[in-house]
Amino acid sequence: PIRNLLRTPKFLEYVNDGAFRGSVEIKSPADDHTRLSIRIVPYGEHQHLLLAQDVTERHRLERVRKDFVANVSHELRTPLTVISGFIENLRHDESGCAERWERALGLMGQQSARMQRIVEDLLLLASLEGTQGLTPRETVEVREMLEEIVEECEAMDSADGVPRLSLSAEPVRVLGNIHQLRSAFTNLVTNAIKYTPAGGSISVRWFTDARGGVLEVTDTGEGVAAEHLPRLTERFYRVDAGRSREKGGTGLGLAIVKHVLQNHGARLEMESEVGKGSCFRCVFPDCRLAPVAPVPARADASNIPGT
Ligand code: ADP
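Reference entry: report on the structure contained in this document. All values reported here derive from a predicted model rather than from experimental measurement. (Residues numbered from 1 in each chain as written. Predicted model: local features only at pLDDT ≥ 70, side-chain atom pairs only at ≥ 80, totals over all residues. Heavy atoms only, no water.)

1. What about the sheet that holds strand E4 (residues 138-141)?
Then step 1. Taken in spatial order, the three strands of this open sheet run E4-E6-E11, and their pairing is antiparallel. With partners counted over all chains shown, the strands left at the sheet margins are E4 and strand E11 (289-290), one partner each.
Then step 2. Sheet topology note: the strand E6 (residues 173-176)/E11 ladder contains two bridges and is antiparallel. Bridging from a neighbouring strand, Arg 173 pairs with Ala 290 of E11.
Then step 3. Together, E4 and E6 form the strand contacts of helix H6 (residues 142-154), whose direction differs from that of E4 by roughly 50°. (Pairing = 2+ DSSP bridges. Helix = DSSP H or I, 4+ residues; strand = E, 2+ residues; numbered from the N terminus. Contact = heavy atoms within 4.5 Å. Axes fitted to C-alpha atoms, helices over the stretch in contact; angles between N-to-C directions.)

Okay, here's the thing in structure tokens:
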């Protein structure tokens, strides 16, 4: 039996699941440096065909790409901090320089802040890729986290005004990584704010249903045409790059959301209609929800001193 020959847990999970969805990548049992991509497909009646492909080179190139992006982002961090610091100093300079250079310094400040946001997002994406497949297992109080996110977003300083925000959340907790989840949820809420005019509204809901735990961010904003939806989670894919930049976007927010959800065994669903609004939904399977703490029994009033 194949299970006796290939004992890697990832492979066993793939075989035991029986659905043979996609392929699975494992180290070769014969050589630790070789990576194999294995795929099983139905073949005739009661038979299956196992295809094993050597993907060592593809894997190496992918690692080179990831390391390169992470290193470049890391190297850019310090020079950008220095440049932004000096721009800030010059803007508050008393010698008259700031007045003459006001417009230029303002633009330089904006652009360097934008570069810093891109670098931070790229570093976050690199670290998310590094933790892929790991099982982050802290218990995260999603309701508390959403309350904080909504409060921070309401206080956002926006020239156009912030749309109305409403929150309803069940006390359901998730097993996961608190920093990753905070960053994903913040991205969804800030996107809704960026792409919804001041008069519009945004609703954030956290609930459970037959699908598992669902975080839903719905807005009445500008919406996205159907042909763009499948590409929104690609890095730097923007429906309108100029508009995204003007709103302080990096083009990396939804890529971060997708990676965080992948790390949590969750999926992202999107629905949108141009001119009507959008709905972004994160669906966490039941196995990712922390058991609800039992409600403490009500204290008997006669036992409480002073009553
Ligand atoms: P950005 O930093 O540009 O917002 P994202 O990766 O977060 O990058 O989003 C990618 C693109 O998806 C955005 O540029 C925008 O065109 C579109 N988008 C994301 N969220 C929304 C939304 N709530 N309403 C309309 N468009 C959205």
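Moving on from the coordinates now.
2. Some remarks on the packing of aromatic side chains
Then step 1. For the coordinates displayed, the defined rule picks out three aromatic pairs.
Then step 2. Ring geometry for Phe 185 versus Phe 284: centroids 6.3 Å apart, planes at 90°, classification edge-to-face. Of this pair, Phe 185 sits in helix H7 (residues 178-194) while Phe 284 sits in strand E10 (residues 277-284), and the two are 99 residues apart along the sequence. Like Phe 284, Phe 185 is buried.
Then step 3. Feature note: the residues Phe 185, Trp 206 and Phe 284 constitute an aromatic cluster, connected by ring pairs. (Phe/Tyr/Trp six-rings, centres within 6.5 Å; stacked < 30°, edge-to-face > 60°. Buried < 20%, exposed > 50% of the residue type's maximum accessible area, 1.4 Å probe, protein only.)

3. Brief notes about the side chain of Gln 180
Then step 1. By the secondary structure assignment, Gln 180 is in helix H7.
Then step 2. Reaching out from Gln 180, the side chain makes a polar contact with the side chain of Asn 263 at a distance of 3.4 Å.
Then step 3. In contact with Gln 180, not counting residues within four places along its chain, are Leu 128, Thr 131, Val 260, Asn 263 and His 264. (Polar contact = N/O pair within 3.5 Å; in protein donor to acceptor, adjacent residues only side chain to side chain.)

4. Thoughts on the pairing of E6
Residues in a regular strand project their side chains so that they alternate between the two faces of the sheet.
Then step 1. Here E4 runs beside E6; their pairing, made up of four bridges, is antiparallel. Paired with Glu 141 across the bridge in E6 is Arg 173.

5. Comments concerning the site of the ligand
Then step 1. Of all residues adjacent to the ligand, which total 19 residues, the nearest are Asn 191, Tyr 195, Ser 244, Thr 250 and Leu 254.
Then step 2. One nitrogen or oxygen atom from the main chain of Leu 254 is found 2.8 Å from an oxygen atom belonging to the ligand.
Then step 3. For the ligand, the protein covers 97% of the area, taking 530 Å² as the surface of the free molecule.
Then step 4. Of all the secondary structure elements, the ones that give two or more residues to the shell around the ligand are H7, helix H9 (253-263) and E10.
Then step 5. Of all the elements, H7 adds the most residues to the shell around the ligand, at three residues.
Then step 6. Of the residues assigned to the shell around the ligand, the class counts are nine nonpolar, seven polar and three charged. (Near = heavy atom within 4 Å. Areas by Shrake-Rupley, 256 points an atom, 1.4 Å probe, with all protein chains shown as cover. Nonpolar A, V, L, I, M, F, W, Y, C, P; charged D, E, K, R; others polar.)

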